[in-house]
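Architecture at a glance
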Amino acid sequence: MKGGSSPRHGGTRDRVEPVEVFDVIVIGAGPAGEVAAGRMAAAGLSTVIVESELAGGECSYWACMPSKALLRPVDLAGEVGRVTGLRLDTSAGGGPIDAAAVLARRDAVVSNYDDAGQARWLDSAGVTLVRGTGRLAGPRRVEVTTADGGTRTLVANHAVMLATGSRPVIPPVAGLAAAEPWTNREATGVRAVPDRLVVIGGGVVACEMAQAMRGLGAREVTMLVRGGELLTRIEPFAGEMVARSLSDQGIAIRTHESAEKVERPEPGGEVTVRLASGGTVTADEILVAAGRRSAVGDLGLASVGLPESGPVEVDESMRATGVADGWLYAVGDVNGLALLTHMGKYQARVASDVIVARARGEADDRPGMRDRADRAGAPQVVFTDPQVCAVGRTEAQARAEGFDVRVLEYDMEQVAGGYLLGDGYRGKVKAVVDERRRVLLGVTFVAPGAAELLHAATIAVTSGVTLDDLWHAVPAYPTVSEVWLRLLEEYGL
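Residues numbered from 1 in each chain as written. Predicted model: local features only at pLDDT ≥ 70, side-chain atom pairs only at ≥ 80, totals over all residues. Heavy atoms only, no water.

Of the regular secondary structure elements, the protein holds 15 helices and 21 strands. The C-alpha atoms of the protein give 25 Å as radius of gyration, which agrees with the globular expectation for 493 residues (23 Å, within 12%). Taking the principal axes of its C-alpha atoms as reference, the protein extends roughly 80 × 65 × 40 Å. For the protein, with 493 residues in total, the buried portion stands at 50%. Across the protein, every contact between residues at least 6 apart in sequence was considered, and the portion connecting residues at least 24 apart equals 63%. With the model as given, the accessible surface of the protein reaches about 22,100 Å², and the carbon-plus-sulfur share is 49%. (Helix = DSSP H or I, 4+ residues; strand = E, 2+ residues; numbered from the N terminus. Rg over C-alpha atoms; globule rule 2.2 N^0.38 Å. Buried < 20%, exposed > 50% of the residue type's maximum accessible area, 1.4 Å probe, protein only. Contact = heavy atoms within 4.5 Å. Areas by Shrake-Rupley, 256 points an atom, 1.4 Å probe, with all protein chains shown as cover.)

What the rule picks out here adds up to 31 salt bridges. A salt bridge links R185 to E58; its shortest N-O distance comes to 2.7 Å. Remark: E58 occurs in helix α2 (residues 57-61) and R185 occurs in helix α6 (residues 184-188); sequence separation between them is 127 residues. Classification of R185 by relative accessible area gives partly exposed; the value is 22%. According to the relative accessible area criterion, E58 is buried, its value standing at 18%. (Salt bridge = Lys/Arg side-chain N within 4 Å of Asp/Glu carboxyl O.)

Segmentation of the protein into domains returns domain 1 (19-61 + 109-165 + 295-373), domain 2 (169-290) and domain 3 (386-491). Between the C-alpha centres of domain 2 and domain 3 the distance comes to 31 Å. Counting from both sides, the interface comprises 9 residues of domain 2 and, opposite them, 12 residues of domain 3. Note on domain 2 versus domain 3: buried area summed over both sides is about 850 Å², and carbon and sulfur give 77% of it. At the junction of domain 2 with domain 3, the criterion picks out 1 salt bridge. One salt bridge connects K430 with E235, and the closest N-O pair in it is separated by 3.0 Å. (Domains from an automatic or database assignment. Buried area = accessible area lost by both parts, 1.4 Å probe.)

Residues M40, L136, V160, M161, L162, V312 and L328 are the most contacted members of the largest nonpolar core, which totals 51 residues. Among the nonpolar cores identified, the runner-up in size contains 39 residues, and W182, C207, V225 and L287 belong to it. (Core = buried A, V, L, I, M, F, W, Y, C linked by side-chain atoms within 4.5 Å.)

Below, the discussion takes up the UniProt feature "binding site: NAD(+)" (unreviewed entry) in the protein. UniProt records the feature "binding site: NAD(+)" (unreviewed entry) for G201, G202, G203, V204, V205, A206, C207, E208 and G291 in the present numbering. Over a stretch of 91 residues, the named residues converge on one spot in the fold, their C-alpha atoms separated by at most 13.7 Å. Mapped onto the elements, E208 comes out in helix α7 (residues 204-215). Ignoring sequence-local partners within four residues, the contact set of E208 consists of S67, K68, L71, V381, V382, F383 and T384. (UniProt positions renumbered as here; feature names shortened; annotations may be inferred.)

The subject of this paragraph is the sheet that holds strand β12 (residues 271-275). The antiparallel open sheet is built from 3 strands, whose spatial order is β11-β12-β13. Here the strands that pair on one side only, and so sit at the sheet edges, are β11 (259-263) and β13 (280-283). Strand-to-strand twist in this sheet, taken as the mean axis angle between neighbours without regard to direction, amounts to 20°. With 4 bridges connecting them, β12 and β13 associate as antiparallel partners. (Pairing = 2+ DSSP bridges. Axes fitted to C-alpha atoms, helices over the stretch in contact; angles between N-to-C directions.)

Take the layout of surface pockets next. Considering only enclosed or pocket space, the second largest pocket measures out at about 550 Å³ in volume. Around the second largest pocket, the lining is made up of 24 residues, and of these R82, S245, Q249, D385 and P386 lie nearest the centre. Grouping the amino acids of the lining of the second largest pocket by side-chain chemistry returns 8 nonpolar, 7 polar and 9 charged. Mapped onto the domain boundaries, the lining of the second largest pocket takes at least three residues apiece from domain 2 (169-290) and domain 3 (386-491). (1 Å grid on protein atoms, 1.4 Å probe; cavity = no way out; pocket = protein on both sides within 12 Å on 5 of 7 lines; lining within 4 Å. Points joined across faces, edges and corners; volume = space filled by probe spheres on them. Nonpolar A, V, L, I, M, F, W, Y, C, P; charged D, E, K, R; others polar.)

This part covers the packing of helix α1 (residues 31-42) against helix α9 (residues 341-359). Taken N-terminus to C-terminus, the directions of α1 and α9 make an angle of 30°; their axes are 8 Å apart at the nearest point. Here α9 runs roughly parallel to α1, going by the angle between their axes. As for how α1 packs across α9, the hand of that crossing is right-handed. Between α1, through P31, A32, V35, A36, R39 and M40, and α9, the contact on the second element is made entirely by T341, G344, K345, A348, R349, S352, D353, I355 and V356. Partitioning the contact of α1 with α9 into residue classes produces 8 nonpolar, 3 polar and 4 charged. (Parallel < 35°, antiparallel > 145°, perpendicular 65-115°, else oblique. Left-handed = near helix turned anticlockwise from the far one by under 90°.)

Our next topic: the packing of aromatic side chains. Counted under the stated rule, the structure contains 2 aromatic pairs. A ring pair is formed by F445 and W484, whose centres lie 6.1 Å apart and whose planes are at 70°; its orientation type is edge-to-face. Within this pair, whereas F445 is found in strand β21 (residues 439-447), its partner W484 is found in helix α15 (residues 483-491), the two being separated by 39 residues in sequence. Judged by its relative accessible area of 0%, F445 falls in the buried class. (Phe/Tyr/Trp six-rings, centres within 6.5 Å; stacked < 30°, edge-to-face > 60°.)

Structure below.
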């Protein structure tokens, strides 16, 4: 199953174009693409991965990793401020956080935007890296425009996998695109923290980056939220608690508000946002955090009979629907199922195992991602202070799907472990129970440091652990995880 090349004859002349043959071609070397390529290469399939930017992708350089590096000191400052006997050093006359040092550590986290380490890993895993833009050119065929302007033709024996991720959405607001707005890339890659920042959006990126910039020294941060709530895809109390925290930190949240026009007369100059309600907001930078869409532009989907807009639809094993012979797969954000890095990597493992099985002539009835984790509800974390983490269905989703629902809630500061974490510690957990089966359909935590509680909930939800069995999983004292015991007591066990 080794890669190779063969001549291709075409046209009216005896022109010979080299064709490179591999068992599998992966387009996109982000987290999902890398996991898939490494897994298939380890199974003995010759694998090539095509990447137009940095190997490692969005999460490694412009999203998950740098954003958390910026948020970590803000999180710690909040923790220290709640503990009697500790204080933040502001003797130098500035804030409690050294922004320059934080940005330097961010640069280290993203390897100074150098992907040499990722490229070495791919090589050590037996994966061929081709730098360029890959585009489908018919069944099992990919044309690559290389970084030096050349072209390469790749052909797959078994499968092509799309792992091109997603791109930020810039709303059609007059003047916005021309105003050089920040997206997550400019926010996480900031070189100097702006004095004034206006944020369009109320989702995860908006909340995290508003808090990060404020914590790193921005004097004014204003959020323009079209609806009335933050974090609308999670239980409503989560957005309410985060909004209260952001407001307490001096961030202005303007709900039911939207930008009508954006003006930036001078490149790099101040930005004026004219609001739909009248009035204006003036800032040094404007961050657009209004969602993302699957990166399918110029992927050549039409050449294999698929629509060129919208996410690539897939089945339970990540095979693209509507493509004959099942050779095309799509994992991660490009399929639109769950725009989360960890879910993209999970999808990559599922799809890779199916591809390997089919290549070996074995049965490919591997467990489908959508049969378990996707339908149950993907785990997710918002790294604000307080942290928000959730898995499974919300109460509203469960009721809409017809489950016999019972809701359990508990204030986490009443747990001994929560009380010990500091004065002013506040938290809440909500569990959605399927009364018929006595299992958890969803769990949401909102509290400082709550992210580390999530995996226990993920196991319970995705595995269908009954409440009666959970009663025997005794949490240690005095930890915040004792909230599980309190929830079961609320249920009556």
